[in-house]
Each structure stands twice: as structure tokens, then as C-alpha cells.
Amino acid sequence: QMMHSEGACQAAKPLMNWRKAAVKLENFIRRCARDFTFFAKHCLKIRIKQPNGGTRLGPFVLNKEQKVVDSWMYYCLRNDMAFRIIIDKCRKLGMSTLSEAIGYWLCTFRPFFRSTVIAQTDDDTQVIAEIARTFNNNMPDFMREYAGTPTGKEPRVVVSREDPGRQGRRAW
């Protein structure tokens, strides 16, 4: 009798571990949905420039300037305020990456949400579009599956050279 119940307990352990893992995964996804900086650090990869001129993939950890924009976004979201982020000529602060990441996050966790990034030139449009592709193609598989954007598929972020209301819009 004793050996039979011990065997049943041993057989149930993988199922219990699976349930614990499922709860952890669900908690992780919920935290990602409500905490942009957590999502960025744990799910988004960016190309980091190296001293030798090359790049490597690494987690997206916000810098000081990006945290200022992030805190404003959270303030607006917490207070149910509509917001638009307009960043004028900030070079080398990572604002294009941040705006693409915010749009990607909002589109991932909010159904029917759409994000548009407007760039001045075709080259700038391609650079920004590549940021979203890098996010999508290097996101953990379970998050990509949750977001409904498998590798190689386009995320729900539109990168445009011109105003989305005009003709001539270039979406990728």
C-alpha cells in the first residue's frame, strides 16, 4: 500500500512542476503587460554597438533620458490620459529605439492597438523598421506566441515615412 502511494506521488511531481511553471509563466506575462521596463529588459533585444565597430544583441535596458519619457508615459497611462510622444531631433539618446519599444509593448498587450512611427527619410524608415524586426525576431518564443507574431512575420507596428493620414505612406 505504501509503495503504491509513493509511486503515485512520484508520478504527480512532473505535473505539479508543470503547473508551477505555468503559473510562473502567467505571472511573468502579466508583469510584462503592466511594466514596460520589465518587458523591455526581459523580452526585447537591441543591437548594442561595440568598440570594434560591430554590434551584439543585448537586453534593452533604459538609459537616463529614456527613463524620463517612460515615467511620463506611465503617468499618462495611470491617469487614463491620452498621450502623444513627440521627440524633436534627439540624436544618439536611443529615442527611436524607445518609441519603437513602447509601440511594440502597447501593440503586444492591448488588442486593436496600433502604433505608427514617422520618419523623415526612406533610410530612417528602414532603420526604425529594423528595430521592430529585431524586437520581434529575438523575443522569447512564448512571448512571440502570446503576441501572435511568429519570427519573420510583421508585428502590429507601422513605420511610415509620411503622415499616416496621407497617401504615400510606407508600411513594412
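Residues numbered from 1 in each chain as written. Predicted model: local features only at pLDDT ≥ 70, side-chain atom pairs only at ≥ 80, totals over all residues. Heavy atoms only, no water.

Q: Help me understand the nonpolar core, please; the structure alone is not making it clear to me.
A: Side chains that are nonpolar tend, in soluble globular proteins, to be buried together. The biggest cluster of nonpolar side chains holds 26 residues, and the ones touching the most others in it are Phe36, Phe39, Leu44, Phe60, Leu98, Trp105 and Met143. Those elements giving two or more residues to this core turn out to be α1 (2-34), α2 (36-43), α3 (64-78), α4 (95-109) and α5 (122-138). The element that contributes the greatest number of residues to this core is α4, accounting for eight residues. When neighbours within four sequence positions are excluded, leucine 98 is seen to be in contact with Phe36, Phe60, Leu62, Gln66 and Val69. (Core = buried A, V, L, I, M, F, W, Y, C linked by side-chain atoms within 4.5 Å. Buried < 20%, exposed > 50% of the residue type's maximum accessible area, 1.4 Å probe, protein only. Helix = DSSP H or I, 4+ residues; strand = E, 2+ residues; numbered from the N terminus. Contact = heavy atoms within 4.5 Å.)

Q: Which parts of the structure should I look at to understand a nonpolar patch on the surface?
A: On the surface, Trp72, Tyr75, Met81, Ile85 and Ile87 cluster together to form a nonpolar patch covering roughly 420 Å² of accessible area. With relative accessibility at 32%, the residue isoleucine 87 sits in the partly exposed group. (Patch = residues over 30% accessible without salt bridge, like charges linked within 9 Å, V, L, I, M, F, W, Y side chains within 5 Å. Areas by Shrake-Rupley, 256 points an atom, 1.4 Å probe, with all protein chains shown as cover. Salt bridge = Lys/Arg side-chain N within 4 Å of Asp/Glu carboxyl O.)

Q: I'm lost on the pattern of salt bridges in this one. Help?
A: If you walk through the whole model with that rule in mind, you get three salt bridges. Arginine 30 is the partner of glutamate 26 in a salt bridge, and the nearest nitrogen-oxygen pair spans 2.6 Å. Here glutamate 26 pairs with arginine 30, and both are found in helix α1, just four residues apart, close to one helical turn. In this structure, arginine 31 and aspartate 35 form a salt bridge, with 3.5 Å as the shortest nitrogen-oxygen distance.

Q: I keep staring at the environment of valine 127 and nothing clicks. Help me out?
A: By the secondary structure assignment, valine 127 is in helix α5. C-alpha separation for the pair valine 127 and serine 96, spaced 31 residues apart in sequence, amounts to 9.2 Å.

Q: Can you help me understand the pairing of strand β1 (residues 45-49) in this one?
A: Alignment of β1 against strand β2 (residues 55-59), held across five bridges, turns out to be antiparallel. For arginine 47, the partnering residue across the bridge sits in β2 and is leucine 57. Counted along the chain from β1 to the antiparallel partner β2, the turn is five residues long, and its residue glycine 53 has a positive phi close to 95°. (Pairing = 2+ DSSP bridges.)

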